[in-house]
Amino acid sequence: MNNFKTNIAKRIRLVLFFALGANAVSSQTAMINILSRNATSLNGNWNVILDPLGGGEWRQVWLEKKPTLKTDFFEYSFEGGPQLKVPGDFNSQMPELTYLEGTVWYKKEFRYTVTAGKRLFVHFGAVNYLADVYLNGEKIGVHEGGFTPFQFEITTNVKEGANSLIVKVDNKRLKNGLPGIGYDWFNYGGITRDVHLVETGATYIEDYHIQLRKGSSKEVLGWIKLNGEGKQQRIKVRIPELGLKYSTKSDNSGVAKLNFSSAFKLWSPDSPKLYKVVVECETDTIEDEIGFRNIEVKGSKIVLNGKPIFIKAVNIHEENPYKRARAISQDDAVLLLDQAKELGCNLVRLAHYPHNEYMVKQAEKMGLMVWSELPVYQHIEFADSVVPLKLETMLKEMVRRDRNRCAVVVWSLSNETYTGTPKRTEELISLTEKCKALDSTRLITHVINDQGYKNNTFSVWDTLYRYSDIIALNEYIGWYIPWQGSPTETKWETAFPDKPVFISEFGGEALYGSKHGPTDEAASWTEEYQEKIYTDQIKMFKNIPNLSGVCPWLLFDYRSIGRMHPLQNGYNRKGLISEKGEKKKAWHVMQKYFNSLNNK
Ligand code: GCU
């Protein structure tokens, strides 16, 4: 048995070695809630070397060699070259980089005063897609995955005074990446989220879970995890507004279980109440804003805080339409979420990858529930030997970052994967089980679009739904699939009659202002055609058993280079709003529909 375990461990290490590259240390478990820590921002201008051909590797640019003899020279330098802003995607910052899917080397200098007993970490909110990180000429680690945070401890690498941090960023698509090669959004590369240096004591609070026990409106069931020496410590959790003071102790692995009750005012879209929560151990203190709510499926209903709720949602990509760039800030979050509110939404599906923390926290403040999704999109190479580990790592990173965000009510583990893809169903079942083990308090789902539609009857059959709390499905009747009869007579058959149904995508394309032309021809790209899809869909919704929510695809027109028609011009035009902020006719249909549901 032990031999068996050792062999498995060896195989995992080997897989990691090849997945991450020789000489590399994979990133460490990232601490949560960076902004409540002793953190110094490394945002701002970084010097860069553009390397579309990948020559920086053999030139070893991270060594920053400088000529010593008058006859020496090196054909690179970070000094005197271009600069890029961090956070930010590189594609939108220089015209030469618009379509780059390749390497850019980033460099930032920082000064540090070494203090005995302190630990130092460099923390990245996200880098799309591969990051190789060097400090003072030494490789400190690598990370794969464009949408989740990671960190490296640099306590023993950092120098007194000036330090040089270099990051090789590569956003080339990988066949065995997550997502894989093909996806319908813009592949913004770069250091797209905030970078911080975080100083801690010898032992710090790495992570905690402070949320209601499933099914309860007053009992918190959670834990706290310490990192460092001296893990057995006195732990306190305080919620001053409720006069709550809870004390416990961590065990010698640094984990303390939490279990306390209080008369919480529950968080909901109508009343997005958050409490200041203080988490303390003997060597660290963290503050958070936490809300308490309960989300469940009861029979065929989605139930929030004990009451059935109809989900009025909209899909959003992490893109600032006006800047034609990755959304990166609080202002960007407000811009996107204000529009979701105006449409009448109570949930935003943050498609198709975990969005930045500004989005999630802002949604929470505004009373918008959040659907968070892994970039497990369409054709993933589930049978590739490195993919299961990538899936699990990304899942852990997504759940860890947002497990205390009560707004997050759904973990969506995949979108439009196909039953015919080898190992797809077994890998996704296994991922579902891992997600449940990490967090049993939220709904877990998979989004599927390979349903049947014959004789004006829509049928839902994919067995993966057995492992989903909700039947989330994308259907484009009226756009990719023509209507086979009257929408009011469309029938629905489901192999899972007991589960709530959520239409996670529907819609069609229209160019704003393109109102003239035949309204019954898709190829005319008219707003009227799109409007008709929406009015027909709304008629059909009445026939869907257990319908628990709908989510148009999507809020704004967004960049997608595979969209090649001149009227698309590199945009997916299924937005209810154009990239310039103009509301299309379908927007009004949808807003009216959501408003009509208000008192039901
Ligand atoms: C899919 C997919 C979206 C995509 C949309 C479309 O269903 O999930 O990411 O962009 O279809 O075709 O516009």
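On a predicted model such as this, the values are computed, not experimentally measured, just so you know.

Where do I start with the domain arrangement of the protein in this structure?
How big an interface is tends to be stated in terms of accessible area lost as the parts join. By domain assignment, the protein separates into domain 1 (19-200), domain 2 (213-292) and domain 3 (309-596). The gap between the C-alpha centroids of domain 1 and domain 3 is 32 Å. Between domain 1 and domain 3, the residue contacts involve 35 residues of the former and 35 residues of the latter. In this assembly, domain 1 packs against domain 3 so that about 3200 Å² is buried in total across both faces, 57% of it on carbon and sulfur atoms. By the criterion of area lost to domain 3, the three top residues of domain 1 are Leu178, Asp184 and Trp185, representing 24% of everything that side buries. At the boundary of domain 1 with domain 3, the tally comes to 4 salt bridges. Between Glu144 and Lys390 there is a salt bridge whose closest N-O contact spans 2.8 Å. Inspection of the domain 1/domain 3 interface yields 17 residue pairs in polar contact (both at pLDDT 80 or more). For the side of domain 1 that touches domain 3, the class distribution of residues is 15 nonpolar, 14 polar and 6 charged.

Could you clarify how one ought to interpret the confidence of the model for the protein in this entry?
Do not read the predicted coordinates in detail wherever pLDDT is low. Taken residue by residue, the protein gives an average pLDDT of 95. The fraction at 70 or more is 96%. Within the model, the stretch residues 1-23 combines pLDDT values under 50 with 12 contacts to residues more than four positions away or in other chains.

Explanation requested: helix H6 (residues 424-438) in the structure shown.
An α-helix turns once every 3.6 residues. As a result, residues three or four positions apart point the same way. Between its terminal C-alpha atoms H6 stretches 21 Å, which fits the 21 Å expected from 15 residues at 1.5 Å a residue. Every buried residue belonging to H6 is among Arg424, Glu427, Leu428, Ile429, Leu431, Thr432 and Cys435, and all of these are buried.

Please clarify how the packing of helix H7 (residues 527-541) against helix H8 (residues 585-596) should be interpreted in this entry.
Packed helix pairs are specified by the crossing angle of their axes together with the interaxial distance, meaning the distance between the axes. At a minimum axis distance of 7 Å, the contact between H7 and H8 shows a crossing angle of 20°. Considered as vectors, H7 and H8 are oriented roughly parallel to each other. Crossing geometry of H7 relative to H8 is assigned as right-handed. Where H7 abuts H8, its residues Glu527, Glu528, Gln530, Glu531, Tyr534, Thr535, Ile538 and Phe541 lie against Lys585, Ala586, Val589, Met590 and Tyr593. Across the contact of H7 with H8, the residue classes tally to 7 nonpolar, 2 polar and 4 charged.

I would appreciate a short explanation of the sheet that holds strand S29 (residues 457-460) in the present structure.
Neighbouring strands of a sheet are bound in pairs by backbone hydrogen bonds; such pairs are parallel or else antiparallel. Spatial ordering of the open sheet is given by S28-S29-S31, a layout of 3 strands whose pairing is mixed. Each edge of the open sheet carries a strand with a single partner, namely strand S28 (452-454) and strand S31 (491-494). Ignoring which end each strand starts from, the neighbouring axes of this sheet average 20° apart. The sheet contact formed by S29 and S31 spans 4 bridges and is parallel. Bridge pairing in S31 links Ser459 to Glu493.

Criteria and cut-off values
- Numbers given for residues are sequential positions, taken from 1 along each chain in its written order.
- Local features in this predicted model are restricted to residues whose pLDDT is 70 or higher, and side-chain atom pairs enter the listing and the counts only when it is 80 or higher, whereas totals over whole chains, interfaces and linings include all residues.
- Hydrogens and waters are ignored; side-chain quantities use all the structure's heavy atoms.
- Each domain's limits were defined by an automated method or a database of domain assignments.
- Contacts are assigned to residue pairs that have any heavy atoms within 4.5 Å of one another.
- Two parts lose some accessible area (1.4 Å probe) when they are put together, and adding that loss for both gives the buried area.
- For salt bridges, the criterion is a side-chain nitrogen of Lys or Arg within 4 Å of an Asp or Glu carboxyl oxygen.
- Between N or O atoms, a polar contact is any pair within 3.5 Å; within protein, one atom must be a potential hydrogen donor and the other a potential acceptor, and residues adjacent in sequence are included only when both atoms are from side chains.
- Here the nonpolar group is Ala, Val, Leu, Ile, Met, Phe, Trp, Tyr, Cys and Pro; Asp, Glu, Lys and Arg are the charged ones; every other residue, Gly included, is treated as polar.
- The pLDDT value expresses, per residue, how confident the predictor is, ranging between 0 and 100.
- Every helix listed is a DSSP run of H or I at least four residues long, and every strand listed is a run of E at least two residues long, numbered separately from the N terminus.
- Multiplying 1.5 Å by the residue count of a helix minus one yields the expected span of that helix.
- The rule is simple: take the accessible area with a 1.4 Å probe, protein chains only, and divide by the maximum for that residue type; under 20% is buried, over 50% is exposed, in between is partly exposed.
- For every element, the axis is a line fit to its C-alpha atoms; helices are fit only across the contacting stretch, and the angle between N-to-C directions ranges from 0 to 180 degrees.
- Orientation categories follow fixed angle ranges, with anything under 35 degrees roughly parallel, anything over 145 roughly antiparallel, 65 to 115 roughly perpendicular, and all other angles oblique.
- A clockwise turn of the near helix away from the far one marks a right-handed crossing, whereas an anticlockwise turn of less than a right angle marks a left-handed crossing.
- Should DSSP find at least two bridges between two strands, the strands are regarded as paired.

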